[in-house]
Amino acid sequence: MKPSPLTYHRPRSIDEACGILAGVAHEGKVLAGGQSLIPLLSMRLAAPAHLVDIGSIPCLDAISASPELGVTFDALTTHAALESDSTVAQVQPLLGRALRLVAHPTIRNRGTTVGSIVHADPSAEMPAVLSLLGGTLTVRSVRGVRQIPAAELFAGPLESTLEADEIATSVTVPAARPGTGTAIDEIARRHGDYALVGVVAQVEVEDGAVTSARMTYVSAGELGQVVDYTDILRGASAHDERDPLWQQVAEKARETVETEADIHATDRYRSQLVAALTGRVGFAAAQDAIRDDTRVPMHTGGSR
């Protein structure tokens, strides 16, 4: 299929883009990498009257990273560029670990991480990562600049709290803290498919024992939901996966995280994946916390 008729705009500055978007009100859509929006347009699941392509705006693909300020990446930063940045890998290794699970290299070469986040797909990895890390989205409009914390960004599946005239310009996530580990894993039917279920974990460890644990989910639970498992996992061993607390958190996740059936999996099967991955990924994050700071960024070995 082909997109519905629309007016195409190609602004050369962010101010020009904001002005165009303000003028078309709710009839406009912003195009960056296009890996999510173009298929929706082609299938006529989205039919805006105006398309504002920001892809030619210069200096909108920067990446900065430091232990003090965390990682900031702009609206046109591709998944591949962020994934391959060695400084980002040191400052916040969870970004690279998650980005390696995003679709295929061809998609990562064109798709933008900010675009993936504001698309707000519950089956995508990056909204979950932003929620767990407590990052912030910066948006601009003719009315000015504002920042949206991750906890306030997602209004529901494929729905964010951006106003119709706002353009997402950058995302900032905090740096990894000493003694804190992260991990991500997911199960998919085929390599490159959306995950049937994915789990992202952040665990703090002191003297070989867990002191706090938080996790969020892909293709399960509420979009942006972060589950705190500290009460269950406090004191769990970061060295021994046979510690019964890891099994207890798996069962707690099965009870806590809601799952839904679709053509790919039943809700019961997804619930089983939630349980299995919660214990596995949580332990991987605990081990990550006790590794040497010079470690090579790890990935827990997903099925994608």
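Residues numbered from 1 in each chain as written. Predicted model: local features only at pLDDT ≥ 70, side-chain atom pairs only at ≥ 80, totals over all residues. Heavy atoms only, no water.

Undergrad: So what about the overall build of the protein? Which residues, and what values?
TA: Helices and strands together make up the secondary structure of the protein, namely 11 helices and 14 strands. The globule rule puts the C-alpha radius of gyration for 304 residues at 19 Å, and the 20 Å found for the protein is close to it. Overall, the protein is about 60 × 45 × 30 Å in size when its C-alpha atoms are taken along their principal axes. Of all 304 residues assigned to the protein, the portion counted as buried reaches 51%. For the protein, long-range pairs separated by at least 24 residues make up 61% of all intrachain contacts whose partners lie at least 6 apart in sequence. As displayed, the protein offers around 14,000 Å² of accessible surface, 49% of which is attributable to carbon and sulfur atoms. (Helix = DSSP H or I, 4+ residues; strand = E, 2+ residues; numbered from the N terminus. Rg over C-alpha atoms; globule rule 2.2 N^0.38 Å. Buried < 20%, exposed > 50% of the residue type's maximum accessible area, 1.4 Å probe, protein only. Contact = heavy atoms within 4.5 Å. Areas by Shrake-Rupley, 256 points an atom, 1.4 Å probe, with all protein chains shown as cover.)

Undergrad: Give me the lowdown on the state of the cysteines, citing residues and values where you can.
TA: Applying the stated criterion across every chain yields a total of 0 disulfides. Here Cys18 stays unpaired: no disulfide links it, and the sulfur of Cys59, its closest cysteine neighbor, is 16 Å away. The class of Cys18 is buried, set by a relative accessible area of 2%. (Disulfide = S-S within 2.5 Å.)

Undergrad: Please give an account of the packing of helix 10 (residues 244–256) against helix 11 (residues 267–289) that cites residues and values.
TA: Where helix 10 contacts helix 11, the axes come no closer than 8 Å and their chain directions differ by 140 degrees. Overall, the two elements helix 10 and helix 11 adopt an arrangement that is oblique. Pair helix 10 / helix 11 crosses with right-handed handedness. For the pair formed by helix 10 and helix 11, the contact residues are Trp246, Val249, Ala250, Ala253 and Arg254 on the first element and Ser271, Gln272, Val274, Ala275, Thr278, Gly279, Gly282, Phe283 and Ala286 on the second. Of the residues assigned to the contact of helix 10 with helix 11, the class counts are 8 nonpolar, 5 polar and 1 charged. (Axes fitted to C-alpha atoms, helices over the stretch in contact; angles between N-to-C directions. Parallel < 35°, antiparallel > 145°, perpendicular 65-115°, else oblique. Left-handed = near helix turned anticlockwise from the far one by under 90°. Nonpolar A, V, L, I, M, F, W, Y, C, P; charged D, E, K, R; others polar.)

Functional significance is not addressed by these values, which are geometric in nature.
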